[in-house]
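Analysis of the macromolecular model
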Amino acid sequence: MGKIKTHSASAKRFSVTKSGLVKINSSFRRHKLGKKTAKRKRQLRRNNYLSESFAPTIKTLIPNK
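Residues numbered from 1 in each chain as written. Predicted model: local features only at pLDDT ≥ 70, side-chain atom pairs only at ≥ 80, totals over all residues. Heavy atoms only, no water.

1. Considering the nonpolar core
When a protein is soluble and globular, its nonpolar side chains tend to lie buried together. Quick note on the threshold: As used here, the term nonpolar core means buried Ala, Val, Leu, Ile, Met, Phe, Trp, Tyr and Cys residues forming a set that is joined through side-chain atoms within 4.5 Å. When accessible area is computed with a 1.4 Å probe and restricted to protein chains, residues below 20% of their type maximum are described as buried, those above 50% as exposed, and intermediate ones as partly exposed. Contact criterion: two residues are considered in contact whenever any of their non-hydrogen atoms come within 4.5 Å of each other.
With seven residues, the main nonpolar core is built from Phe14, Val22, Ile24, Leu50, Ala55, Ile58 and Ile62. Excluding anything up to four places from it in sequence, Val22 contacts Phe14, Ser15, Val16, Asn48, Tyr49, Leu50, Ala55, Ile58 and Lys59.

See the structure below:
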(Lines give C-alpha, C1' and ligand atoms only; values in the text may rest on other atoms or scores of the structure.)
Protein backbone atom coordinates (compact mmCIF):
# COMPACT_ATOMS: atom_id res chain seq x y z
CA MET A 1 0.00 0.00 0.00
CA GLY A 2 1.30 3.46 -0.88
CA LYS A 3 2.09 6.34 1.39
CA ILE A 4 -0.56 8.86 2.41
CA LYS A 5 0.28 12.13 0.70
CA THR A 6 -0.30 15.59 2.14
CA HIS A 7 -2.31 18.09 0.11
CA SER A 8 0.30 20.85 -0.31
CA ALA A 9 -2.10 23.78 -0.68
CA SER A 10 -3.97 22.78 2.47
CA ALA A 11 -0.74 22.31 4.42
CA LYS A 12 0.19 25.94 3.67
CA ARG A 13 -3.16 27.28 4.88
CA PHE A 14 -4.12 25.10 7.84
CA SER A 15 -2.42 23.62 10.88
CA VAL A 16 -3.68 21.30 13.60
CA THR A 17 -3.17 22.25 17.25
CA LYS A 18 -2.29 19.75 19.97
CA SER A 19 -5.88 19.80 21.16
CA GLY A 20 -7.03 18.80 17.66
CA LEU A 21 -8.48 22.12 16.46
CA VAL A 22 -7.71 23.25 12.92
CA LYS A 23 -6.13 26.71 12.96
CA ILE A 24 -6.57 29.15 10.07
CA ASN A 25 -5.49 32.71 9.36
CA SER A 26 -8.01 35.51 9.04
CA SER A 27 -9.16 36.51 5.58
CA PHE A 28 -9.61 40.12 4.36
CA ARG A 29 -6.16 41.12 5.62
CA ARG A 30 -4.19 41.37 2.34
CA HIS A 31 -5.18 44.58 0.59
CA LYS A 32 -7.55 47.55 0.71
CA LEU A 33 -6.57 48.09 4.32
CA GLY A 34 -7.08 51.85 4.11
CA LYS A 35 -10.85 51.36 4.10
CA LYS A 36 -10.87 49.17 7.19
CA THR A 37 -10.92 50.60 10.70
CA ALA A 38 -8.02 50.07 13.08
CA LYS A 39 -10.26 47.99 15.33
CA ARG A 40 -11.23 45.69 12.48
CA LYS A 41 -7.63 45.21 11.36
CA ARG A 42 -6.53 44.53 14.93
CA GLN A 43 -9.21 41.88 15.35
CA LEU A 44 -8.20 40.26 12.05
CA ARG A 45 -4.71 39.65 13.48
CA ARG A 46 -6.07 36.94 15.75
CA ASN A 47 -6.01 33.32 14.67
CA ASN A 48 -9.29 31.64 13.89
CA TYR A 49 -10.29 28.03 14.25
CA LEU A 50 -12.22 26.02 11.72
CA SER A 51 -15.72 24.87 12.66
CA GLU A 52 -16.08 21.31 13.89
CA SER A 53 -18.07 20.31 10.80
CA PHE A 54 -15.21 21.19 8.39
CA ALA A 55 -12.33 19.99 10.58
CA PRO A 56 -12.47 16.26 9.66
CA THR A 57 -12.22 17.10 5.96
CA ILE A 58 -9.08 19.20 6.43
CA LYS A 59 -7.52 16.63 8.76
CA THR A 60 -7.76 14.03 5.98
CA LEU A 61 -5.93 16.41 3.62
CA ILE A 62 -3.08 17.06 6.08
CA PRO A 63 -2.63 13.76 7.92
CA ASN A 64 1.02 14.22 8.96
CA LYS A 65 0.88 17.83 10.12
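2. Things to note about a positive patch on the surface
Convention followed: Residues qualify for a patch when their relative accessible area is over 30% and they have no salt bridge, like charges being joined within 9 Å and the nonpolar side chains of Val, Leu, Ile, Met, Phe, Trp and Tyr within 5 Å. The protein chains shown are the only cover counted for residues, whose accessible areas, like all others here, come from Shrake-Rupley with a 1.4 Å probe. Any Lys or Arg side-chain nitrogen found within 4 Å of a carboxyl oxygen on Asp or Glu counts as a salt bridge. Charged-residue counts in this description rest on Lys and Arg as positive and Asp and Glu as negative, His and the chain ends being excluded. A charged residue contributes its charge at one atom only: NZ of Lys, CZ of Arg, CG of Asp or CD of Glu. Numbering of helices and strands runs from the N terminus; a helix is a DSSP stretch of H or I covering at least four residues, while a strand is a stretch of E covering at least two.
A surface patch of positive charge is lined by Arg29, Lys39, Arg42, Arg45 and Arg46. Checked against the element boundaries, Arg42 lands in helix H2 (residues 38-44). By relative accessible area, which is 45% here, Arg42 ends up partly exposed.

3. A closer look at the side chain of Lys36
In plain terms, the rule: Whenever a nitrogen or oxygen atom comes within 3.5 Å of another N or O atom, the pair is scored as a polar contact, on the condition that within protein one atom can donate a hydrogen and the other can accept it, and that pairs from neighbouring residues in sequence are kept only if both atoms are in side chains.
For Lys36, the position within the fold is in the loop between strand E2 (22-24) and H2. Buried and unpaired, Lys36 has no salt bridge, with Glu52 as the nearest side chain of opposite charge at 28 Å. A distance of 3.3 Å separates the side chain of Lys36 from the backbone oxygen of His31, its partner in a polar contact. Those residues in contact with Lys36 that lie beyond four places of it in its chain are Phe28, His31 and Lys41.

4. A closer look at the confidence of the model for the protein chain
Put simply, the test is: Along the chain, pLDDT gives the predictor's confidence residue by residue, from 0 to 100.
For the protein chain, the mean per-residue pLDDT works out to 93, and 100% of the residues sit at or above 70. Mean pLDDT values over the elements of the protein chain span from 94, in strand E3 (residues 48-49), up to 96, in E2.

5. Points about the sheet that holds strand E1 (residues 14-16)
In plain terms, the rule: A pair of strands is labelled paired if DSSP reports no fewer than 2 bridges between them.
Strand order in this open sheet of three strands is E1-E2-E3, and the pairing throughout is antiparallel. The two strands at the open ends of the sheet, each matched to only one other strand, are E1 and E3. The pairing of E1 with E2 spans three bridges and is classified as antiparallel. When the bridges of E2 are listed, Phe14 appears paired with Ile24.

6. Concerning the side chain of Ser10
Along the chain, Ser10 falls in helix H1 (residues 8-13). Look at Ser10 and you get buried, because its relative accessible area is 7%. When neighbours within four sequence positions are excluded, Ser10 is seen to be in contact with Leu61 and Ile62.

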